[in-house]
Amino acid sequence: MIFKRIKKNWKVPKGQPLTELDKKVLSYQNRGCLVPANDIILNEYQIDGIRKSGVINTGVLDMVTREIHAGMSTAALDKLVYEYTCDHGAIPADLGYGGFPKSCCISINDVVCHGVPSDNEYIEDGDIVNVDVSTILNGYYSDASRMFMIGDVAPNARRLVEVTKECLKVGMEAAKPWGFVGDIGHAIEKHAKKNGYSVVREYCGHGVGLEFHLDPEVCHFGHKGTGMLLVPGMCFTIEPMINEGGPDICDDAEDETGWVVLTEDGSLSAQWEHTFLMTEKGLEILTY
Ligand code: MF3
Ligand code: CO
């Protein structure tokens, strides 16, 4: 028989009594559950830092909501994101991340994610557009994205955008303190499939806050009761990418940056994202 070895992430503090939190997390760990490492349970000062970063990030997306229109180049919108963020004393987290050349990701129609803003790409009437922005303020990261429907959008595209928003909502509602990350993915996958859509499997939500991408990995599919334990004080994103057709993705052969991800079958894709804090009472949105 093969036993799957689960990493013992939670360390017992040396030379001091166990807190109630230590005892509770250790009881899950001793039962073989995947638990977070101590350092992804954030203290109130860290949470306050992420919350303030989230306020700027929401301001960026509100500005995008006001400014986005047909006929605008994606580079022009990216420039507004850069300027707004810097004017508010923050830094766009995307800029230079892994070599990413711009300040945000703008993903149109069949672009699943990581669309690179360009002077040669224009937002058009009928497009569905994801704008994904991430902010660093005083070292603290926040991350969120919204969909925009430009002008006269076809009913099927509109439905995909709306159902994808519902997928984020059902995922949020499934996330309970002392539940599991898999509860979130299960709820999202179920809602997407019920509506005839598929879930992208290669990109997941992630811990965020002290860095851009941390544990836990928040898959948007899966089974209840699996994945990492959800402990109050954890901060992470949920960001389902939902395809109208099949789940498979591919590179864009025409993209010189190597970042752009497309649906393999050319069907539409949508995504919504928020940064969340898990509390004793449930999820709190930090990017509203
Ligand atoms: N904002 C994306 C996320 O939701 C990450 C973008 S990384 C970049 O995790 F380099 F493409 F900007
Ligand atoms: Co993210």
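Every value quoted in this text rests on a predicted model; they were computed, and no experiment measured them.

Asks: Tell me about the overall build of the protein chain, and name the residues and values.
Replies: Counting secondary structure elements, the protein chain contains five helices and 15 strands. In terms of overall dimensions, the protein chain is globule-like: its C-alpha atoms have a radius of gyration of 19 Å, near the 19 Å expected for 288 residues. In terms of overall dimensions, the protein chain has a C-alpha envelope of 60 × 45 × 35 Å along the principal axes. Each of the 288 residues in the protein chain was classed as buried or not, and the buried ones make up 54%. Expressed as a percentage of contacts within the protein chain between residues at least 6 apart in sequence, the contacts between residues at least 24 apart total 70%. Of the accessible surface of the protein chain, which amounts to about 13,700 Å², a share of 52% is contributed by carbon and sulfur atoms. A distance of 14 Å separates the average location of the 26 positive side-chain charges in the protein chain from that of its 42 negative side-chain charges.

Asks: How would you summarise the layout of surface pockets if you had to cite specific residues and measurements?
Replies: To find leftover empty space, a probe the size of one water molecule is rolled over the atoms. Roughly 460 Å³ of volume is contained in the largest pocket. Along the wall of the largest pocket there are 22 residues; nearest its centre are V116, S118, E121, D252 and V260. It is strand β2 (residues 105-108) that contributes the most residues to the lining of the largest pocket, three residues altogether. Classifying every residue of the lining of the largest pocket gives eight nonpolar, six polar and eight charged. Roughly 270 Å³ of internal volume is contained in the second largest pocket.

Asks: Kindly report on the pairing of strand β15 (residues 282-285), identifying the contributing residues and their values.
Replies: Across four bridges, strand β14 (residues 274-279) lies against β15 in antiparallel orientation. Bridging across to β15, F276 finds its partner in I285. Adjacent in sequence and paired antiparallel, β14 and β15 are bridged by two residues.

Asks: Pulling in residues and values, what's your account of the packing of aromatic side chains?
Replies: Inspection of every chain in the model, using the stated rule, returns six aromatic pairs. Centre to centre, the rings of Y28 and W178 are 5.8 Å apart; their planes meet at 15°, and the pair counts as stacked. With Y28 in helix α1 (residues 20-30) and W178 in the loop between α4 (155-174) and α5 (181-194), the pair connects residues that are 150 residues apart, well separated along the chain. For the residue pair Y28 and W178, the accessibility class agrees, reading buried in each case. With centroids separated by 4.7 Å and ring planes inclined at 65°, the aromatic side chains of Y97 and F212 adopt a geometry described as edge-to-face. Placement of the pair is Y97 in the loop between β1 (91-92) and β2 and F212 in the loop between β7 (205-207) and β8 (214-218), with a sequence separation of 115 residues. On the basis of relative accessible area, F212 is assigned to the buried category, the value being 6%. One aromatic cluster is present, built from ring pairs that chain together Y28, W178 and F180. It is R31 that lies over the ring of Y28; its NZ or CZ is 4.5 Å from the centre.

Asks: Requested: an account of the coordination of the cobalt ion (ligand 2), with residues and values cited.
Replies: Binding of the cobalt ion (ligand 2) to the protein goes through D143 (OD), H206 (NE2), E239 (OE) and E273 (OE), at separations of 2.1 to 2.2 Å. Because the angles between the six donor atoms bound to the cobalt ion (ligand 2) fall within 53 to 159°, the donor set is best described as irregular. When the donors of the cobalt ion (ligand 2) are listed by position in the chain, the intervening gaps give D-x62-H-x32-E-x33-E. A residue pair is termed long-range when its members are at least 10 positions apart, and D143 in strand β5 (residues 140-149) and H206 in strand β7 qualify at 63 residues. A relative accessible area of 6% places H206 in the buried class.

Rules of the game
- Residues numbered from 1 in each chain as written.
- Chains lettered and ligands numbered in written order.
- Predicted model: local features only at pLDDT ≥ 70, side-chain atom pairs only at ≥ 80, totals over all residues.
- Heavy atoms only, no water.
- Helix = DSSP H or I, 4+ residues; strand = E, 2+ residues; numbered from the N terminus.
- Rg over C-alpha atoms; globule rule 2.2 N^0.38 Å.
- Buried < 20%, exposed > 50% of the residue type's maximum accessible area, 1.4 Å probe, protein only.
- Contact = heavy atoms within 4.5 Å.
- Areas by Shrake-Rupley, 256 points an atom, 1.4 Å probe, with all protein chains shown as cover.
- Lys, Arg positive; Asp, Glu negative; His and termini not counted.
- Charge placed at Lys NZ, Arg CZ, Asp CG, Glu CD.
- 1 Å grid on protein atoms, 1.4 Å probe; cavity = no way out; pocket = protein on both sides within 12 Å on 5 of 7 lines; lining within 4 Å.
- Points joined across faces, edges and corners; volume = space filled by probe spheres on them.
- Nonpolar A, V, L, I, M, F, W, Y, C, P; charged D, E, K, R; others polar.
- Pairing = 2+ DSSP bridges.
- Phe/Tyr/Trp six-rings, centres within 6.5 Å; stacked < 30°, edge-to-face > 60°.
- Lys NZ or Arg CZ within 6 Å of the ring centre and 35° of its normal.
- Donors = N, O, S within 2.8 Å, 3.2 Å for Na, K, Ca; no water.
- Tetrahedral: all angles 85-135°; square planar, octahedral: opposite > 155°, others 65-115°.

So far we have only geometry, and geometry alone does not tell us how the molecule works.
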